[in-house]
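# Chain and residue survey
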Amino acid sequence: MSTKKRIIAALCALVALAAISAAIKLVILKEDEPTPEHREAVAPPKEGAPDWVTNGQKTKPDYSAADMSAKNATKVVEEEPERTPEPTAKDTPKVVKEDEVFTFAFVDSLARYVTKRFEPGRDGKAPRTTTSFRSLNTYYSRNFDGIEVEQNDVKESRNRIIDYAFTPASIQALYSLYADLFVEQLADSTSQQINNDERTLTRDEMSDLFRLNAGVLSRTASIFSAIADNPDLSKLTAQYIQAVRAVERANVRFQESLTSSISKQEKSETGATLKQTITERERVRSRIIATIKKQCRKCPDDEMFYIALWAYRRTLGNPKQLPAFAAASESLQDLSKRFEKKADELLQPLQ
């Protein structure tokens, strides 16, 4: 293309750009010009319309402080700080204090005594125990195992021990102190000596041990309760002791008559007197047993009578001792329940 033609083409392009620019400017100016408005008359509101349609909306002023914090309907739940779990009763070892007279050694001795006098069921024989109040009283009246007392005079030491322990307060304190420990100690005393051979009791056999001795405890508790509830038993026991002495005197006269030169009639009379005193003695004994048996039908007669005589010596000249029998009854009954519970636990499979 020649130079002349290039110049003419450039001029044409400039003219076209100028025309486009003018057209755009004209359109913008027309949009900015105001357009004429068309108004119509507004009809009054119909009946039943809300008040704000007629009276208009009224804005209530806000007098709250400008710096008031914003309200939030959602409550913020504050997270509690993590707490270290407190040790439970199972985690915390129980500290048992030791009594100054009845020591830990006494609890161990008592557990071994009960275990030794238990006979497991074998060879078709039922299990049995020879532990009783009478056997325990006989043993610990002479052997003060684990009991801190001067042993210069056995009788004096025995009385001192009973005076210390056999009061309502002492019975409750000693039982509260040692009940749990005694059950645990007895459960661990599974070793027996049989014909110089050591034998370990099985869990089933230990269950029998606890259950049998639970029955012994329950029956002894019933006897103690009967003594506490029947003050007249002391009078009956006193009558029995008088009857025993009458039998002794009548027996002496009868034995003397056998070697004397008195007539057969006199010998017969001394024999009849002895028989009468024996009959009276047994009658009073039967009354004592019958009184206690009202509260313990399954109690052995010999055990009931033995405890009645023992109680008479404890209360002789001191009727205030009767509450101690009630406290002892409560403790023995509770211990019986603990033994029953332990017997059931021993029958459960180990986990």
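This section reports on the structure supplied with the text. (Residues numbered from 1 in each chain as written. Predicted model: local features only at pLDDT ≥ 70, side-chain atom pairs only at ≥ 80, totals over all residues. Heavy atoms only, no water.)

## Thoughts on the state of the cysteines
Tallied over the full model, the rule gives 1 disulfide. In this model C296 forms its disulfide with C299; the gap between the sulfur atoms is 1.6 Å. Judged by the sign of its S-S torsion, about 85°, the bond between C296 and C299 is right-handed. Judged by its relative accessible area of 2%, C299 is buried. (Disulfide = S-S within 2.5 Å. Buried < 20%, exposed > 50% of the residue type's maximum accessible area, 1.4 Å probe, protein only.)

## Focus: the environment of K275
Its place among the elements puts K275 in helix α9 (residues 264-293). A sequence separation of 28 residues divides K275 from V247, and the C-alpha atoms of the two residues are 8.3 Å apart. (Helix = DSSP H or I, 4+ residues; strand = E, 2+ residues; numbered from the N terminus.)

## Things to note about the environment of T259
Here T259 is to be found in helix α8 (residues 232-259). For T259, a relative accessible area of 70% gives the class exposed. Within the structure, the side chain of T259 is placed 3.2 Å from the backbone oxygen of E256, a separation counted as a polar contact. (Polar contact = N/O pair within 3.5 Å; in protein donor to acceptor, adjacent residues only side chain to side chain.)

## Some points on the packing of helix α7 (residues 203-229) against helix α10 (residues 301-315)
Between α7 and α10, the least distance of the axes is 10 Å, while the angle of their chain directions is 45°. Relative to α10, the element α7 lies oblique. Of the two possible hands of crossing, α7 and α10 adopt the one that is right-handed. Across the interface between the two elements, T220, I223, F224 and I227 of α7 pack against E303, M304, I307, A308 and A311 of α10. Here the residues of the contact of α7 with α10 are counted per class, giving 7 nonpolar, 1 polar and 1 charged. (Axes fitted to C-alpha atoms, helices over the stretch in contact; angles between N-to-C directions. Parallel < 35°, antiparallel > 145°, perpendicular 65-115°, else oblique. Left-handed = near helix turned anticlockwise from the far one by under 90°. Contact = heavy atoms within 4.5 Å. Nonpolar A, V, L, I, M, F, W, Y, C, P; charged D, E, K, R; others polar.)

## Quick word on the pattern of salt bridges
Applying the stated criterion to the full structure yields 14 salt bridges. When the shortest N-O distance is used, the salt bridge between E156 and R160 registers 2.8 Å. A residue pair is termed a helical-turn pair when its members lie 3 or 4 positions apart in one helix, as E156 and R160 do in helix α5 (residues 154-165) at 4 residues. Overall, E156 belongs to the partly exposed group, its relative accessible area being 45%. Counted as one network, the salt bridges with shared partners bring together D180, D334 and R338. (Salt bridge = Lys/Arg side-chain N within 4 Å of Asp/Glu carboxyl O.)

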